[in-house]
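Structure assessment
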Amino acid sequence: MASNLVVSARDVSGKREIRKLRHEGLVPGIIYGDNKEPVLVSVREKELLAECYTLAFLGHVIEAKIGSKTEKFLPKEIEFDPVTDKPAHIDFLRVSKNSKVKVSIAVEFINEDKCPALKKGGVINIVVHRLECLCSPDSIPEKLIVDLSGKDIGESFLLENLNLPNGVTPVNSERDSVIATLVGARISADEEVTTTEENAEKTEEAAA
């Protein structure tokens, strides 16, 4: 997968210079990893905000010319300002064709309108929203699909049933063995009281 995020080299690192950078609509960052020297970079805040909340952002491979070298890297972590909630800093992990990276891949559920369990008023209990996997940077799937078609109450979606691409391996298959379950709708406390009262009335009527 590719990203439209433009990453540029920066040569400022002091607090005053960083504040000025942010005032200009830029977010400071760093590229590290692959046994090479870290590189200071910056990205445009507007472009970062347009991508960072998408499900697949942390799996986007970015290739950019930083200084005189072409770098290939993945977004690793974003630090947000606790007051403004704006991006304050971003870390990128440098990768190569021989790298194996740990990524968190979103799980998406489709065909809810074709699911008998949901039509009966059941609900889907999602256990794993994002699956941690090991894979090469060039084979990171954008998302993992779970098809709800024909599934009824009581059925479960297991990790072993997911159609993982070649080269994609779950990090913790024991912990993430159950992806989701389909269960009957829960009765609220008020509904439970009403049902109990109705049953009591029917019992009294029958006894009379």
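Right above here is the structure, for reference.
Throughout what follows, the structure given in this document is the object of discussion. Predicted model only: the values in this text are computed from it and were never measured. (Residues numbered from 1 in each chain as written. Predicted model: local features only at pLDDT ≥ 70, side-chain atom pairs only at ≥ 80, totals over all residues. Heavy atoms only, no water.)

1. Topic: the overall build of the protein chain
Convention followed: Think of it this way: any DSSP run of H or I at least four residues long counts as a helix, any run of E at least two long counts as a strand, and we number them from the N terminus. Exposure classes here rest on a 1.4 Å probe applied to the protein chains alone. A residue is buried below 20% of its type maximum, exposed above 50%, and partly exposed in between. With residues, only the protein chains shown are counted as cover, and all accessible areas are computed by Shrake-Rupley using a 1.4 Å probe.
Helices and strands together make up the secondary structure of the protein chain, namely 4 helices and 13 strands. Residues counted as buried form 33% of the 208 residues belonging to the protein chain. Approximately 13200 Å² of the protein chain is accessible, and the part contributed by carbon and sulfur atoms is 48%.

2. Some details on the pairing of strand 7 (residues 101–110)
How we decide: What makes two strands pair is DSSP finding at least two bridges between them.
Pairing geometry for strand 7 and strand 9 (residues 130–135), over 6 bridges, is antiparallel. Bridging from a neighbouring strand, K102 pairs with L134 of strand 9. With 4 bridges connecting them, strand 7 and strand 10 (residues 144–147) associate as parallel partners. Along strand 10, the bridge assignment pairs I110 with D147.

3. Quick word on unusual backbone geometry
Despite not being glycine, D34 shows a phi value in the positive range, around 60 degrees. Inspection of the secondary structure puts D34 in the loop between strand 2 (26–33) and strand 3 (36–44). For D34, a relative accessible area of 31% gives the class partly exposed. Despite not being glycine, N35 shows a phi value in the positive range, around 60 degrees. When you line up the elements, N35 lands in the loop between strand 2 and strand 3. Looking at N35, the relative accessible area reads 83%, which means it is exposed.

4. Quick word on the nonpolar core
Short version of the rule: Residues enter a nonpolar core if they are buried and are Ala, Val, Leu, Ile, Met, Phe, Trp, Tyr or Cys, with the set joined through side-chain atoms within 4.5 Å. Throughout, a residue-residue contact means that at least one pair of heavy atoms, one from each residue, lies within 4.5 Å.
The biggest cluster of nonpolar side chains holds 25 residues, and the ones touching the most others in it are L131 and I179. No other element matches strand 7, which puts 5 residues into this core. If near-sequence neighbours (up to four positions away) are discounted, L131 is found in contact with V103, S104, I105, V107, L144, L159, L162, L164 and D176. If you look at the next biggest cluster of nonpolar residues, it comprises 16 residues, including L5, I31, A64 and F92.

5. Here we look at the environment of A117
Residue placement: A117 occurs in helix 3 (residues 116–119). A sequence separation of 68 residues divides A117 from A185, and the C-alpha atoms of the two residues are 9.6 Å apart. Filtering out sequence-adjacent residues up to four positions away, A117 remains in contact with G122, K151, D152, I153 and L182.

6. A few points about the pattern of salt bridges
Side-chain pairs of opposite charge can arise whenever the charged atoms involved come near each other. Selection criterion: Salt bridge, as applied in this entry: a Lys or Arg side-chain nitrogen positioned within 4 Å of an Asp or Glu carboxyl oxygen.
All told, the structure shown has 8 salt bridges when counted by the stated rule. Close ionic contact of K72 with D138 constitutes a salt bridge, the shortest N to O distance being 3.0 Å. Note that K72 is positioned in strand 5 (residues 69–80) and D138 in the loop between strand 9 and strand 10, a separation of 66 residues in sequence. Of the residues examined, K72 reaches a relative accessible area of 25% and is grouped as partly exposed. A relative accessible area of 54% places D138 in the exposed class. Notably, a salt bridge pairs K151 with E155, separated by 4.0 Å at the nearest N-O pair.

7. Comments concerning the sheet that holds strand 9
Here we have 4 strands laid out as an open sheet, ordered 10-7-9-12, and mixed in their pairing. Looking at strand neighbours, the two that pair on one side only are strand 10 and strand 12 (169–170), the edges of this open sheet. Note that strand 9 and strand 12 share 2 bridges and pair antiparallel. In the strand pairing of strand 12, C133 is matched with P170.

Function cannot be read off these values alone, since they describe shape.
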